[in-house]
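Topology and contacts: notes
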Amino acid sequence: VARGRLVRPLLHCPDQAYITVSERCIFDCKFCAVPKLMGGIKTAETVLKMVEEAAKTGQLRAISLTSGVEVSPQAEAEKVAGIVRDLKRFDVPVGVSISPFPGVNQILREAGADEVKYNLECVDPDLFPRVCPGISYQDIMDALEEAVGIFGKNRVFTNIIVGLGVSDDILRRSIDELTGIGVIPVLRAVFAHPLRAGEVRMDRPSAQRLLELARYLKKALERNGLDGSEALTGCYRCTGCDLAPGVDL
């Protein structure tokens, strides 16, 4: 018998306003439906209004902004940075997850962001160009490493998708490398969206595989003095989608 409690979301997450700014992307990562769906673009005014409504509930404890790439990573960063400046009036932590490029950390830090997340997604460098064409694996790694020095301990994150054909050995090595430089990975089970059927290998991982990898990640975090439960925003604060070491196990 499992016991639990129902937690109501505020905006997507409990106690968080978690908002996607640009629901479209110029890149074509083969596991992602966003480039196919070509969703809407929220203005700064729309985001501000959404957060204002969330704040009225008295439950707002954090803000998380994520975004595709409407025009370019640089243009997206400038847009999101402007939104972050507006949102600092709410006096809660603000986390940002966007596509990185040289200089992105300084832009977001000066705007007032408290945490950042740059997603590697596929951690096999040999497989990465086929899964995420047009994106540089090394540029993401460089941005993550730089971010640790700018934002500090337990403030830099990256998604790792499990089920893209990457072996557990490579996943473990990547966990070791990332935690070794101060980055906290988020292990996310692949979702084989119908719009991406047949474009890249996507095998939903078993519960046992996810548990074993999450336990390995927990030990790696502990070895490197990192703690996901210290997260101010985002996935480790929410825990709705993934197993979060330090929170769930």
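Scroll up for the structure.
Attention in this report is confined to the structure presented alongside it. As the structure is a prediction and not an experimental result, all values here were calculated from the model.

On to helix α8 (residues 207-223), then. Here α8 is 17 residues long and its end C-alpha atoms lie 24 Å apart, about the 24 Å a rise of 1.5 Å per residue gives. Taken together, the buried positions of α8 are occupied by Leu213, Ala214, Leu217, Ala220 and Leu221. In an axial view of α8, the angular spread of the buried residues amounts to 120°, which keeps them on one side of the axis. For α8, the exposed residues lying more than 90 degrees away from the buried face are Lys219, Glu222 and Arg223.

Before going further, it helps to examine the pairing of strand β3 (residues 62-66). Counting buried residues in β3 gives five out of five residues, a clear majority hidden from the surface. Side chains Ala62, Ser64 and Thr66 of β3 all project onto a buried face; the interleaved residues Ile63 and Leu65 project onto the opposite face, where all are buried too. One ladder, built from four bridges, connects β3 with strand β4 (residues 94-97); its direction is parallel. In the strand pairing of β4, Leu65 is matched with Val96.

The sheet built from seven strands is open, its strands ordered β1-β2-β3-β4-β5-β6-β7 with mixed pairing. Each having just a single partner strand, β1 (12-13) and β7 (184-189) make up the two edges of the open sheet. In this sheet, strand β6 (residues 156-162) lies alongside strand β5 (residues 115-117) in parallel orientation, the contact comprising two bridges. In the strand pairing of β6, Val116 is matched with Val156. Most of the contacts of helix α2 (residues 44-55) go to strand β2 (residues 16-20), to which it runs at about 160°, and overall it touches β2 and β3. Along the sheet, helix α7 (residues 168-180) makes contact with β6 and β7, crossing β6 at roughly 180°.

Scoring rules and cut-offs
Residues numbered from 1 in each chain as written. Predicted model: local features only at pLDDT ≥ 70, side-chain atom pairs only at ≥ 80, totals over all residues. Heavy atoms only, no water. Helix = DSSP H or I, 4+ residues; strand = E, 2+ residues; numbered from the N terminus. Expected span 1.5 Å × (residues − 1). Buried < 20%, exposed > 50% of the residue type's maximum accessible area, 1.4 Å probe, protein only. Arc of directions from axis to C-beta. Pairing = 2+ DSSP bridges. Contact = heavy atoms within 4.5 Å. Axes fitted to C-alpha atoms, helices over the stretch in contact; angles between N-to-C directions.

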